[in-house]
Structures are given as C-alpha cells and as structure tokens.
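Overview (structure and organization)
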Amino acid sequence: MTQDELKQAVAKAAVDYIAPKLERSSIVGVGTGSTANFFIDYLAQYKDDFGGAVASSEATAERLKKHGIQVYDLNSISEMEFYVDGADETNEHLELIKGGGGALTREKIVAAVAKTFICIADESKQVGILGDFPLPVEVIPMARSHVGREIVKLGGDPVYRDGVTTDNGNIIIDIHHLDISRPVQVEEQLNNIVGVVTNGLFARRPADLLLLGTSEGVKTISR
C-alpha cells in the first residue's frame, strides 16, 4: 500500500470507530494535515448524525465547512467526546511529536479538552525514541533569538522555519538533534522558556488510542 492509501485506511478506521458512538449533540475535534483531511472527507458522510466540529486550524475549518459540517469556536462548547488527528512521530506510549503543519498550539488546546484523543498515522511515524522528526516550537516573534539561545543550552539545534506564520500570528522554530528520551520532562522544559507559546511534544497529554496503518491492515493500540 502507498502512504496515501495507509492514511486513507486509518482515517476510515477512525470514522468507523467513532460513528456508532456519535449523538446529535456530539462535537468532534478535528486536527490538521493530510491524514486529518482524509478523516474529514470520510466524516462528512455522517454530518447529519452529530452536532458539529471544532477545528485546530483555519485550513481544517474551511475543509469542514465545504463539506457542510458546522464548525464551532472551542469557547462555545462545554464538552467534546473525540479529538482525531495525525502525528509526525509516535512512540510506544502514544507520546507524539506534532506540528509539522504549524498548528501545534491549537491542536494541543483541542486535545486538552477532548475526552478521547485518537491519533491516526501510518507505520512510518512509529519510532522507538522521539526526535528524528524536528520538534516544532511556536514562539512569540520578539523572543525568537532568546528562545533559540535557550534551546541550544538544552542541547538542541534551533532552525527558524522561514516564511511561516501560525494562525496565532507567531513563528515556528524547529529543534534538531534534541534528546527526547524523557518526553514529559522535555515538554515542560521547553514550555518554561519565556517567549515559547508551546511545543509540539504531546507527552503530558498523549493520545488515548492509536490507529496505525500497516501493510497488514490497521492496528489498534491503546494506552
């Protein structure tokens, strides 16, 4: 199977998993990226069976609206049953690196609200130790140099993602060669740097369920 076919398989598996559990009042959180886009396309078949969605990016909101799915502001809802999103890397504990598409802050906020966080990914994203994929950090623009120096102190190589502005109006620094053998600790250290909005480690709040696309089919892995 091609990588796109694996992404489609896990996206459909996620819809098949949540569809029987949806009610007319249910709100679904939806992530950002190519795998999440496949999920949106499959989810649209059930748009009359649930209340609507919360999007983790402007791009996702537009795709949902094009399918006729009602999009809500997160502040206007009281609870969310599911959040479904892809990942750039996942380890065996379902701790993730996310943010390759630049939506890490909103993704982390939506994940924090959801009762169940479902990660959908193909098997190329599964790793022993996180960190081969550069770790994104969203940064207030005026703090760019300061944050970069602090990242160097932690042993990472910061690279400014040139020409990228997040939906929040901030910049992204990608960290290469950082030791992430202790993801929760690293997540906290980075978030404690003044000027950092958040980073792309989803370790304090990992996924609850991983639907992993493999050549043998979709594997279901839970914490």
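Up top is the structure these notes are about.
Attention in this report is confined to the structure presented alongside it. (Residues numbered from 1 in each chain as written. Predicted model: local features only at pLDDT ≥ 70, side-chain atom pairs only at ≥ 80, totals over all residues. Heavy atoms only, no water.)

With respect to the overall build of the protein
The test is simple: We count a stretch as a helix when DSSP gives it H or I for four or more residues in a row; a strand needs E for two or more, and each element gets its number in order from the N terminus. Only protein chains enter the calculation, and the probe is 1.4 Å; a residue is then buried if its accessible area is under 20% of its type maximum, exposed if over 50%, and partly exposed in between. Throughout, a residue-residue contact means that at least one pair of heavy atoms, one from each residue, lies within 4.5 Å. What sets the accessible areas is the Shrake-Rupley method with a 1.4 Å probe; for residues, cover comes only from the shown protein chains. Charge convention: Lys and Arg are scored as positive, Asp and Glu as negative, and His as well as the terminal groups of each chain are ignored. Positions of charges follow a simple convention, taking NZ of Lys, CZ of Arg, CG of Asp or CD of Glu.
Per the secondary structure count, the protein includes six helices and 13 strands. Across its three principal axes, the protein shows a C-alpha extent of roughly 50 × 40 × 30 Å. Here the protein, with 223 residues, has 51% of them falling under the buried criterion. For the protein, long-range pairs separated by at least 24 residues make up 72% of all intrachain contacts whose partners lie at least 6 apart in sequence. Total accessible area on the protein stands at roughly 10400 Å², and carbon and sulfur atoms take up 46% of it. Side-chain charges in the protein split into 22 positive and 32 negative, and the spacing between the mean points of these groups amounts to 3 Å.

Some thoughts on a nonpolar patch on the surface
How we decide: Here the term patch refers to residues with relative accessible area over 30% and no salt bridge, with like charges joined within 9 Å and nonpolar side chains (Val, Leu, Ile, Met, Phe, Trp, Tyr) within 5 Å. A carboxyl oxygen of Asp or Glu within 4 Å of a side-chain nitrogen of Lys or Arg is what we treat as a salt bridge.
On the surface, a nonpolar cluster with roughly 310 Å² of combined accessible area is contributed by Ile140, Met142 and Val197. With respect to the helices and strands, isoleucine 140 occurs in the loop between strand E7 (135–139) and helix H5 (144–153).

Here's the deal with the pattern of salt bridges
Scanning all chains against the criterion turns up 14 salt bridges. Salt-bridge contacts for aspartate 16 lead to lysine 12; the nearest nitrogen and oxygen are separated by 3.0 Å. Within this pair, aspartate 16 and its partner lysine 12 are both found in helix H1 (residues 3–18), separated by four residues, close to a single helical turn. Judged by its relative accessible area of 40%, lysine 12 falls in the partly exposed class. Here glutamate 187 ties to lysine 108 by a salt bridge, and the two come within 3.0 Å at their closest N and O atoms. With glutamate 187 in helix H6 (residues 183–191) and lysine 108 in helix H4 (residues 104–113), the pair connects residues that are 79 residues apart, well separated along the chain. The residues glutamate 187 and lysine 108 share a single accessibility class, namely buried. The network of salt bridges with shared partners includes Glu79, Glu81 and Lys115.

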